[in-house]
Amino acid sequence: MKKNIKKALAEYFDELIYGGIDGIITTFAVVAGFTGAAMSSNLTTQISFAVVTLFGLANLFADAASMGLGNFLSVRSEKDLYKVMRRKEHEAIMQTPDSEVSKTIGIMQSRGFSPEDAATLAAIYRKNGDYWLDFIMQNGAGMSDPRRQNEALTGLATFLSFILFGSIPLIPFLLQESGNPDAVFMYSTIGTFGALAVLGLLKWKIIGTKLWASLLEVVLVGSTAAALAYYVGTFFVV
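Residues numbered from 1 in each chain as written. Predicted model: local features only at pLDDT ≥ 70, side-chain atom pairs only at ≥ 80, totals over all residues. Heavy atoms only, no water.

## What about the overall build of the protein?
What counts is decided by this rule: Secondary structure elements follow DSSP: runs of H or I of four or more residues count as helices, runs of E of two or more count as strands, with numbering from the N terminus. Burial here depends on accessible area, computed with a 1.4 Å probe over protein chains only, as a share of the maximum for the residue type. Under 20% is buried, over 50% is exposed, and the range in between is partly exposed. The contact rule is simple, with two residues in contact once any of their heavy atoms fall within 4.5 Å.
Within the protein, the secondary structure is distributed over 10 helices and zero strands. Its helices and strands taken in sequence order, the protein reads α-α-α-α-α-α-α-α-α-α from the N to the C terminus. Taken over 238 residues, the protein has a buried fraction of 38%. Once local pairs closer than 6 in sequence are excluded, the contacts in the protein between residues at least 24 apart make up 77%.

## Digging into the side chain of threonine 154
With respect to the helices and strands, the residue threonine 154 is situated in helix α7 (residues 151-166). Overall, threonine 154 belongs to the buried group, its relative accessible area being 2%. Look past the residues within four positions of threonine 154 in its chain and what remains in contact with it is Tyr12, Glu15, Asn71 and Val75.

## What to know about helix α6 (residues 129-140)
Residues Trp132, Leu133, Phe135, Ile136 and Met137 constitute the buried set of α6. Glycine 142, located one to two residues past α6, shows a positive phi value of around 70 degrees.

## Focus on the nonpolar core
Here is the rule: We call a set of buried residues a nonpolar core when its members are Ala, Val, Leu, Ile, Met, Phe, Trp, Tyr or Cys and they connect through side-chain atoms within 4.5 Å of each other.
Counting 22 residues, the largest nonpolar core has Ile21, Ile24, Val31, Phe165, Phe173 and Leu199 as its most contacted members. With nine residues, the single largest contributor to this core is helix α2 (residues 13-36). Setting aside anything within four residues of it in sequence, one finds isoleucine 24 in contact with Phe165, Gly166, Pro169, Thr192, Ala195, Leu196 and Leu199. In this structure, Tyr82, Met108, Ala118 and Trp132 belong to the second largest nonpolar core, which totals 15 residues.

## Observations concerning the packing of aromatic side chains
Operational definition: Aromatic rings from Phe, Tyr and Trp, with only the six-membered ring used for Trp, were paired whenever their centres fell within 6.5 Å, and each pair was classed as stacked if the ring planes differed by under 30 degrees, edge-to-face if by over 60, and tilted otherwise.
This structure, assessed with the given rule, holds three aromatic pairs. Ring geometry for phenylalanine 28 versus phenylalanine 185: centroids 5.8 Å apart, planes at 25 degrees, classification stacked. Taken as a pair, phenylalanine 28 in helix α2 and phenylalanine 185 in helix α9 (residues 181-207) lie far apart in primary sequence, 157 residues in all. Judged by relative accessible area, which is 4%, phenylalanine 28 ranks as buried. Each residue in the set Tyr125, Tyr131 and Phe135 is aromatic and connected to the rest through ring pairs, giving one cluster.

## Quick look at the side chain of threonine 192
Position of threonine 192 among the secondary structure elements: in helix α9. In contact with threonine 192, not counting residues within four places along its chain, are Ile24, Phe28, Ile168 and Pro169.

## Concerning the packing of helix α4 (residues 97-110) against helix α5 (residues 115-126)
Put simply, the rule reads: The axes are straight lines fitted to the C-alpha atoms, using for helices just the contacting stretch, and the angles between their N-to-C directions are given from 0 to 180°. Under this scheme an angle from 65 to 115 degrees is roughly perpendicular, one under 35 degrees roughly parallel, and one over 145 degrees roughly antiparallel; angles in between are oblique. Two helices crossing with the near one rotated counterclockwise from the far one by less than a right angle form a left-handed crossing, whereas a clockwise rotation gives a right-handed crossing. Residues are grouped as follows: nonpolar covers Ala, Val, Leu, Ile, Met, Phe, Trp, Tyr, Cys and Pro; charged covers Asp, Glu, Lys and Arg; every other residue, Gly included, is treated as polar.
At their nearest, the axes of α4 and α5 sit 8 Å apart, and the two run at 130 degrees to each other. One element, α4, and the other, α5, form an angle in the oblique class. For the pair α4 and α5, the crossing hand works out as right-handed. Contact residues: Pro97, Asp98, Val101, Thr104, Ile105, Met108 and Gln109 in α4; Pro115, Ala118, Ala119, Leu121, Ala122, Tyr125 and Arg126 in α5. Among the residues making up the contact of α4 with α5, the classes are represented as 10 nonpolar, two polar and two charged.

In short, shape yes, function no, at least from these values alone.
So, in structure tokens, the structure goes:
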């Protein structure tokens, strides 16, 4: 069971990190902006908390849907482009095989093979059309095969990661209707750093990089974006 979960997380690791960090920073930007603007206005604290919560939730789900659908369309477009290019390359192999052999030899030589070894390998590859085509697409066209990717699951992974991690900066505002705005914002900031640390731990656990390197990379990058979000929010103080 644990192996299956780890495998699933590794398969959609890019979406997990991408959606998670974007969700955290996007929501924190809303919190920071309204903390600087609404909380410092003549509105009551209760109304200000409601504004932050409602706007934050609306922004959270709208951006999560946008990112999820955007990722869905991106993967689908990548697959469509790959299919078109692969079909053209297949036609080239069928119509001008000698030219494609020369191309393959050139690729091999650029990778450090001698002319003799490159010619030998090209002759071997020619005997297996599908593998030869895969080789040319990967090394000649520079295109990785995206056909195994599931665009629906990729988009869903991005959406869920955005919602899960992006909701963390809002939790202090959801748990109370009134209170000290500065204290609530402090809790939100702590939650933001905590969420970034969790992403760093996931990177360490899934990829196997050094613990402190994983934590520092994710937290520093996320903290920089969070600081910028807070700085922009100060321009809207009224």
